[in-house]
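The residues making up each chain are set out below.
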Amino acid sequence: MPECKCCSKVYFKMVKCVLLEQLQHFVNQLTHSVASAHLVRLYDRYQALDKDNKGYLCPQDFGAIKELAMNPICDRIIGAFFTSGQEILDFPSFVRILAHFRPVDKNRPKEPNSPDPINSRSNKLKFAFQLYDQDKDGKISRHELLQVLRSMLEKQVTEEQLESIADRTIQEADLDRDDAISFEEFRKSLDKVNIDHKMSIRFLR
Amino acid sequence: MPKFWIPFTVTYIHFLLLLLDTSSALTPSPIPPPPSTTHGNYSLRLFSVDYHHVQAPFEIVLWIMLASLAKLGFHWSGRIPAVVPESCLLIMVGLLVGGVIYGVRHTAPPVLSAEAFFLYLLPPIVLDAGYFLPGRLFFENLGTILWYAVLGTLWNVLGIGLSLYGLCQLGDWGLKEVSLLHFLLFGSLIAAVDPVAVLSVFEEIHVNEQLHILVFGESLLNDAVTVVLYKLFESFLRMSSVSGVDVLTGVCQFVLVGLGGLFVGLFFGLLAALTTRFTARAQVIAPLFIFLYSYLSYLTSEMLQFSGIMAIVTCAVTMKQYVEANVSEKSNTTIKYFLKMWSSVSETLIFIFLGVSTIQDVHMWSWPFICSTLFLCLLWRTLGVLLLTAVVNKLRRNAVTFRDQFIIAYGGLRGAICFSLVFLTNELPKKNLFITTTIVVILFTVFVQGMTIKPLVELLDVKKKKRVLPTVSEEIHCRLLDHLLSGIEDVVGYWGQHYWKDKFEQFNTKYLKRFLIREDKQPKSSIVRLYQELERREQMGEDDEGRKERSPAIEENQTQSRPLLPEEMDSIRRILSTNLRNFNNKHITAYSRHTLHQDFTLDASRKSRLRRHQSLGERHSSTQTHVSQVQVLTTPSLHS
């Protein structure tokens, strides 16, 4: 990796061209078409986030984003990028996570045997489910729900009210009465919500 | 069956009273001579009637009474309101009354004066609309709404004006002396979609909220465009020549009118919010401030020649959250009730007067002109909607479907605003013809389009609105998704919708709320509010079954000491039940008008309550205590 900043910029530009072609193919597999212009923008953004020019991103880089730091669930969002406790995020993984937020392409014909594209409704919901389910046991326990509620509601509510709200949430969704919300129950409780509308960024169309 | 006729007979009796009174007003009644001039001729009378003394308020009250009784009558008659929208029925009553008055007195009945309409009848309706506007949905669709309101209205005005001019030049209708500017003026007043008519019709057809807000928002915001164009063309007609500079001034005027109305509204809204901060010791007059400030904003904006509707809507939207936080629950209920009542009365009066004013001496009928105006109005609206939607769909996440577009085009109803504007203008030659045409267009849109839109909605299977509140889970998860999307947008560096919403929320919490809301009133998150609202409604459902029997039970429960921090599920349940009883105590009065935005259906709340109690009973065997508690509390109502 070159030491001085100007050389590293040139280096990255060269790497970018090679990388982008490979990436195009990779991302096309994921989402069945991404405009290369978007990829270029994402790559520029990736580089801008990588302040020390390491070539990869670490959680501190995310923490340095000012607006993100004010988000009540910022740790969970950062955690969602760095799956399985890794400290290194390369560009393909970065794109992979962000690809969840592409709007669903309604015009694409459905191929029966191919897997769901990454931005399908159920994959979007799985991503959201992960934000709750930190211990990855496939269920949102009451404790996990309380944690999320606490971070979202912060100083506005008493502990009692938080507990009651958590209880009510579980009671509404929990169909097999195991006092936790599984992914299926989660999905069912969000049946009436237009997830595609809520979890899409036009930037990535 | 006999009951059905009573309101109608009472209504007709009031008609006759009205006629008698107004006819007696024409014949001079014997005025008792002043005592100073005569001595001795003056005899003491046991009983005398002095109508002149009370004439003005008496007649006003009679009209309002007529309108309200008519409305009452419709709701009693069962099947008719399902087919014919209320606005049509009211216009028909107005036509009837107008016809009777004309027949008896052989002169034209009183006409809805433009001043009375714009200053007294329109503001309550718009205030009510603004106060209950679904804020989030409105702002999410604001771009599209502005697109339709501004560009759509411009398109319609120019289209109708130019094509009518062209047709009149080509056709032999005796209108050749009417210039292009006159037609543009006419186009500007007839092209605008009317919020009153839209509200009254769309309220009954329950389409999905997005469609509703698009049409309704457009009808509110196009007022700015209409006002500017109308005044512009009127002033052009008075000027001897029109130069390019004048057109440019017109364009700047449009921006000024819109933004001016907005800022006047903002100013008064914030002022109202600030004032309510100090009303803790005089809670009874708190609602009065709301109405005063809103009306002031409307009047100020009209005085400055800005758009009054925009001012009052902005005022209502701005002050709502702070007022609701500052003011007591009873005052909140009062505000809502009064708004609904006044807007209801206004709307009824407007439609009745529309009917009455149709009976005129001044009509001038011309088949080709009227039919072509009607046709062109529909044509240009449809084309406009199609074109604009094609462009705007590329920028929206949620495309506006063809069915929605059809409803938007078909729901472009004209109403009393066009009517008043056409009466107000002095610049139109052959004014009678234009008045007749306007009336025909209004009646056509309200009757034909108003009546057929409901079956069309069903036929086209337009997505209907959800009639229940979101569940707490939905609210929480949606909130989480909002935060997630906001975070992702920050990561990607994209300033999307969520970014601006977040920024506004931060500004709001940091500065505005601290300044405008009383210190002791904690701003509650929408999740908590929703949860409390849901629980409260469930309690109100129980309330309606047996309030009196319940009160001793409530008092019993209140003497229980406040529970400590919960350790187990059953103590949590006990807390839930005591908390619920506390909410119950605060919100005793139930408001159940069907037109309130938070569409509360008793059945839905009762069903969810039953479900909850059932699930509570089944889930934990350890909560036997709670179940028995619930049973204890419900048995009093069963004994009723």
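The structure displayed is predicted, hence computed values, not measured ones. (Residues numbered from 1 in each chain as written. Chains lettered and ligands numbered in written order. Predicted model: local features only at pLDDT ≥ 70, side-chain atom pairs only at ≥ 80, totals over all residues. Heavy atoms only, no water.)

**Considering the overall build of chain A**
Part 1 of the reasoning: For chain A, the count of helices and strands is eleven helices and two strands.
Part 2 of the reasoning: Scanning chain A from its N terminus toward the C terminus, one meets helices and strands in the order α-α-α-α-α-α-α-β-α-α-β-α-α.
Part 3 of the reasoning: Out of the 205 residues belonging to chain A, those deemed buried represent 47%.
Part 4 of the reasoning: Taking the contacts inside chain A whose residues are at least 6 apart along the sequence as the reference set, 56% of them involve residues at least 24 apart.
Part 5 of the reasoning: Total accessible area on chain A stands at roughly 10600 Å², and carbon and sulfur atoms take up 53% of it. (Helix = DSSP H or I, 4+ residues; strand = E, 2+ residues; numbered from the N terminus. Buried < 20%, exposed > 50% of the residue type's maximum accessible area, 1.4 Å probe, protein only. Contact = heavy atoms within 4.5 Å. Areas by Shrake-Rupley, 256 points an atom, 1.4 Å probe, with all protein chains shown as cover.)

**Structural notes on the overall build of chain B**
Part 1 of the reasoning: Each helix and strand counted, chain B has 25 helices and zero strands in total.
Part 2 of the reasoning: The burial tally for chain B puts 52% of its 640 residues in the buried class.
Part 3 of the reasoning: Sequence-distant contacts in chain B: of pairs separated by 6 or more residues, those separated by 24 or more amount to 83%.
Part 4 of the reasoning: Surface accessibility of chain B: about 30600 Å² in total, with carbon and sulfur atoms responsible for 66%.

**What to know about the side chain of A:His100**
Residue and element names in this part refer to chain A.
Part 1 of the reasoning: With respect to the helices, strands and loops of the structure, His100 is situated in the loop between helix 6 (91–99) and helix 7 (121–132).
Part 2 of the reasoning: Within the structure, His100 has its side chain in polar contact with the backbone oxygen of Ile97 (distance 3.1 Å).
Part 3 of the reasoning: Dropping the residues within four chain positions of it, His100 is found in contact with Ile118, Asn119, Asn123, Lys124, Phe127 and Met199. (Polar contact = N/O pair within 3.5 Å; in protein donor to acceptor, adjacent residues only side chain to side chain.)

**Focus on the packing of aromatic side chains**
Part 1 of the reasoning: Here the structure, examined in full by the defined rule, presents 30 aromatic pairs over all chains.
Part 2 of the reasoning: Judged by centre distance (5.0 Å) and plane angle (40 degrees), the rings of B:Trp63 and B:Phe353 are tilted. Taken together, the residues span a long stretch of sequence, with B:Trp63 in helix 2 (residues 51–76) and B:Phe353 in helix 14 (residues 329–358) at a distance of 290 residues. As far as the burial class goes, B:Trp63 and B:Phe353 line up, both buried.
Part 3 of the reasoning: Here the aromatic residues A:Tyr46, A:Phe62, A:Phe81, A:Phe82, A:Phe91 and A:Phe94 are joined through ring pairs into a cluster of three or more.
Part 4 of the reasoning: Residue placement shows A:Lys54 over the ring face of A:Tyr56; its charged tip is 5.7 Å from the ring centre. (Phe/Tyr/Trp six-rings, centres within 6.5 Å; stacked < 30°, edge-to-face > 60°. Lys NZ or Arg CZ within 6 Å of the ring centre and 35° of its normal.)

**Side note on unusual backbone geometry**
The general pattern is negative phi for most residues beyond glycine and trans for most peptide bonds.
All names here are of chain A.
Part 1 of the reasoning: The residue Asn53 is not glycine, and still its phi comes out positive at about 55 degrees.
Part 2 of the reasoning: Mapped onto the fold, Asn53 is located in the loop between helix 2 (36–49) and helix 3 (59–63).
Part 3 of the reasoning: The phi torsion at Arg177 lies on the positive side, around 55 degrees, for a residue other than glycine.
Part 4 of the reasoning: With respect to the helices and strands, Arg177 occurs in the loop between helix 9 (159–173) and strand 2 (180–182).

**Here we look at the environment of A:Asp196**
Part 1 of the reasoning: Counting through the fold element by element, A:Asp196 comes out in helix 11 (residues 195–198).
Part 2 of the reasoning: A C-alpha to C-alpha distance of 8.2 Å links A:Asp196 and A:Lys124, two positions 72 residues apart in sequence.

**Things to note about the nonpolar core**
All names here are of chain B.
Part 1 of the reasoning: Of all hydrophobic cores here, the largest spans 130 residues; its most connected members are Trp63, Phe117, Leu122 and Phe369.
Part 2 of the reasoning: Counting residues per element, this core draws most heavily on helix 10 (residues 209–238), which supplies 17 residues.
Part 3 of the reasoning: Excluding its chain neighbours within four sequence positions, the residues that come into contact with Phe369 are Leu164, Cys168, Trp173, Leu175, Phe183, Phe186, Leu433, Phe434 and Thr437. (Core = buried A, V, L, I, M, F, W, Y, C linked by side-chain atoms within 4.5 Å.)

**As for the packing of helix 8 (residues 180–190) of chain B against helix 18 (residues 431–460) of chain B**
Residues and elements named next belong to chain B.
Part 1 of the reasoning: Put simply, helix 8 and helix 18 touch, their axes get as near as 11 Å, and they point 25 degrees apart. Regarding the angle of helix 8 to helix 18, the classification is roughly parallel. In the crossing of helix 8 with helix 18, the sense of the turn from one axis to the other is right-handed. Only Phe434, Thr437, Thr438 and Val441 of helix 18 make contact with helix 8, whose side of the interface consists of Phe183, Phe186, Leu189 and Ile190. (Axes fitted to C-alpha atoms, helices over the stretch in contact; angles between N-to-C directions. Parallel < 35°, antiparallel > 145°, perpendicular 65-115°, else oblique. Left-handed = near helix turned anticlockwise from the far one by under 90°.)

**Considerations on the pattern of salt bridges**
Residue and element names in this part refer to chain A.
Part 1 of the reasoning: This model, assessed by the stated rule, comprises 14 salt bridges over all chains.
Part 2 of the reasoning: A salt bridge links Glu159 to Arg150; its shortest N-O distance comes to 2.8 Å.
Part 3 of the reasoning: The partly exposed category is assigned to Glu159, whose relative accessible area is 33%.
Part 4 of the reasoning: Here Arg150 falls in the partly exposed class, since its relative accessible area comes to 35%.
Part 5 of the reasoning: Measuring nitrogen to oxygen at the nearest pair gives 2.9 Å for the salt bridge that ties Glu172 to Arg168. Residue Glu172 and its partner Arg168 are located together in helix 9, separated by four residues, close to a single helical turn.
Part 6 of the reasoning: Looking at Glu172, the relative accessible area reads 26%, which means it is partly exposed. (Salt bridge = Lys/Arg side-chain N within 4 Å of Asp/Glu carboxyl O.)

**Regarding the environment of A:Leu145**
Residue and element names in this part refer to chain A.
Part 1 of the reasoning: Note that Leu145 resides in helix 8 (residues 142–153).
Part 2 of the reasoning: The spatial distance from the C-alpha of Leu145 to the C-alpha of Asp167 is 9.4 Å, given a sequence separation of 22 residues.
Part 3 of the reasoning: The residues touching Leu145, leaving out its near neighbours within four places in the chain, are Tyr132, Ile140, Ala166, Thr169 and Ile170.

**So, a nonpolar patch on the surface**
Residue and element names in this part refer to chain B.
Part 1 of the reasoning: On the surface, Trp155, Phe375, Leu379, Leu383 and Leu387 cluster together into a nonpolar patch covering about 450 Å² of accessible area.
Part 2 of the reasoning: It is helix 15 (residues 367–392) that contributes the most residues to the nonpolar patch, four residues altogether.
Part 3 of the reasoning: Within the secondary structure, Leu379 sits in helix 15.
Part 4 of the reasoning: Among the residues examined, Leu379 registers a relative accessible area of 32% and is labelled partly exposed. (Patch = residues over 30% accessible without salt bridge, like charges linked within 9 Å, V, L, I, M, F, W, Y side chains within 5 Å.)

**Quick look at helix 12 (residues 286–303) of chain B**
Residues separated by three or four positions in an α-helix point in the same direction, a consequence of the helix having 3.6 residues per turn.
Residue and element names in this part refer to chain B.
Part 1 of the reasoning: With 18 residues, helix 12 ought to run about 26 Å at 1.5 Å a step, and its terminal C-alpha atoms sit 26 Å apart, in line with that.
Part 2 of the reasoning: Of all the residues in helix 12, the buried ones are Ala286, Pro287, Ile290, Phe291, Tyr293, Ser294, Ser297, Tyr298, Thr300 and Ser301.
Part 3 of the reasoning: For helix 12, the secondary structure elements touched by its buried residues are helix 5 (114–131), helix 11 (244–276), helix 13 (308–326) and helix 14.
Part 4 of the reasoning: Positioned one or two residues after helix 12, Gln305 has a phi angle of 65 degrees, which is positive. (Expected span 1.5 Å × (residues − 1).)

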